[in-house]
Amino acid sequence: MWNNRVFDYIIIKKIFTSEKDSFEERLRSAFLAAEEDNIKILTLSFGVGNIKIFENNIDAYIKKIEEIRKNNYSGIFIPELCLVRENKQNNLYKEIIDSGYFKSLDLVGDEKLGVDEFIDIYKYGKDKNMILKCHIGEFESSKFIDEAVTKLNLDEIQHGLSMVHDKELMKKIRDKN
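None of the values given here were measured: they were computed from a predicted structure.

Rules behind the numbers
- Residues numbered from 1 in each chain as written.
- Predicted model: local features only at pLDDT ≥ 70, side-chain atom pairs only at ≥ 80, totals over all residues.
- Heavy atoms only, no water.
- Helix = DSSP H or I, 4+ residues; strand = E, 2+ residues; numbered from the N terminus.
- Buried < 20%, exposed > 50% of the residue type's maximum accessible area, 1.4 Å probe, protein only.
- Contact = heavy atoms within 4.5 Å.
- Areas by Shrake-Rupley, 256 points an atom, 1.4 Å probe, with all protein chains shown as cover.
- Phe/Tyr/Trp six-rings, centres within 6.5 Å; stacked < 30°, edge-to-face > 60°.
- Lys NZ or Arg CZ within 6 Å of the ring centre and 35° of its normal.
- pLDDT = per-residue confidence, 0-100.
- Axes fitted to C-alpha atoms, helices over the stretch in contact; angles between N-to-C directions.
- Left-handed = near helix turned anticlockwise from the far one by under 90°.
- Nonpolar A, V, L, I, M, F, W, Y, C, P; charged D, E, K, R; others polar.
- Salt bridge = Lys/Arg side-chain N within 4 Å of Asp/Glu carboxyl O.

> I'd like a rundown of the overall build of the chain, residues and numbers included.
Within the chain one finds seven helices and five strands. Start at the N end of the chain and walk to the C end: the helices and strands fall as α-α-β-α-β-α-β-α-β-α-β-α. Counting over 177 residues, the chain shows a buried share of 42%. Sequence separation of at least 24 residues holds for 64% of the intrachain contacts in the chain that already meet a minimum separation of 6. Of the roughly 10,500 Å² that the chain leaves accessible, carbon and sulfur atoms contribute 50%.

> So what about the packing of aromatic side chains? Which residues, and what values?
Applying the stated criterion to the full structure yields 10 aromatic pairs. Measuring from ring centre to ring centre gives 6.5 Å for Y93 and F118, while their planes differ by 45 degrees; the resulting arrangement is tilted. Taken together, the residues span a long stretch of sequence, with Y93 in helix 4 (residues 93-98) and F118 in the loop between strand 3 (104-108) and helix 5 (119-127) at a distance of 25 residues. Clustering of aromatic rings is evident, with ring pairs tying together F23, F31, F46, F54, Y61, Y73, F77, Y101 and F102. The ring of Y124 is capped by K94, whose NZ or CZ atom sits 5.0 Å from the centre of that ring.

> Which residues make up the confidence of the model for the chain, and what values do they have?
In this model, the chain carries an average pLDDT of 86, and 89% of its residues clear a pLDDT of 70 or more. Per-element averaging of pLDDT across the chain places helix 1 (residues 2-15) at the bottom with 52 and helix 3 (residues 58-72) at the top with 97.

> Go over the packing of helix 2 (residues 19-36) against helix 3 with me, naming the residues and quoting the values.
At a minimum axis separation of 9 Å, helix 2 and helix 3 run at an interaxial angle of 35 degrees. As helix 2 runs across helix 3, the sense of the crossing is right-handed. Contact residues: F23, E24, L27, R28, F31, L32 and E35 in helix 2; Y61, K64, I65, I68, R69 and N72 in helix 3. Class assignment of the residues belonging to the contact of helix 2 with helix 3 gives a composition of seven nonpolar, one polar and five charged.

> Got a sec to walk through the environment of N38? Specific residues and values, please.
Tracing the backbone shows N38 in the loop between helix 2 and strand 1 (41-47). For N38, a relative accessible area of 52% puts it in the exposed group. As a C-alpha pair, N38 and G75 span 37 residues in sequence and 8.3 Å in three-dimensional space.

> An account of the environment of F77 is requested, with residue identities and associated values reported.
Looking at the secondary structure, you find F77 in strand 2 (residues 76-84). Its relative accessible area of 13% is what places F77 among the buried residues. Residues contacting F77, with those up to four places away along its chain left out, are F31, L42, L44, F46, I65, E66, R69 and Y101.

> I'd like a description of the environment of Q158, backed by residues and values.
Mapping Q158 onto the fold places it in strand 5 (residues 156-159). Considering only alpha carbons, one finds Q158 and E138, 20 residues apart in sequence, at a separation of 8.3 Å. When sequence neighbours within four positions are dropped, the list of residues in contact with Q158 reads D106, K133, C134, H135 and I136.

> Give me the lowdown on the pattern of salt bridges, citing residues and values where you can.
Counted according to the given criterion, the structure contains 13 salt bridges. Across the salt bridge formed by K128 and D98, the nearest N and O atoms sit 3.4 Å from each other. With K128 in the loop between helix 5 and strand 4 (131-136) and D98 in helix 4, the pair connects residues that are 30 residues apart, well separated along the chain. When its relative accessible area of 43% is taken as the criterion, D98 is described as partly exposed. We note a salt bridge from K133 to E156, for which the minimum N-O separation is 3.9 Å. Highlighted residues: K133 in strand 4 and E156 in strand 5, separated in sequence by 23 residues.

This is the structure in structure tokens:
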């Protein structure tokens, strides 16, 4: 069944000519799949780029997400704001965080770009009690993981595969829990 869902997701993106319709249908599909699979706690990442579909109106964006969620998913939902390393100067980050809707931050993209451009926004997110995550260590060495954990004060590491080659870092992260 999963393969059919992946296929459906790809087809949805091609069927709808409107970005907004495509976004809404993909979101509805994600919530329905989680409901059908009896997922009790669901985290979905939302990129800042999708807000442009709603003319940068954060309230309209959140309202639409919640409308679709309420109609399609009954479990616990943890919305996550996805930041992209290649999009360093997004002026909406703080405004989106201030909405209080998103409960976690996650940084994705080219690991070689590092994390320095996101230190301030991660501090801001921490002050707002957000869960801080980062996709790191999947493609680059463990030094990138160490840097991200230290500079961003991470709560979670997404992937972290290269850590297996650095026992000292593994201990450091284990001790940090």
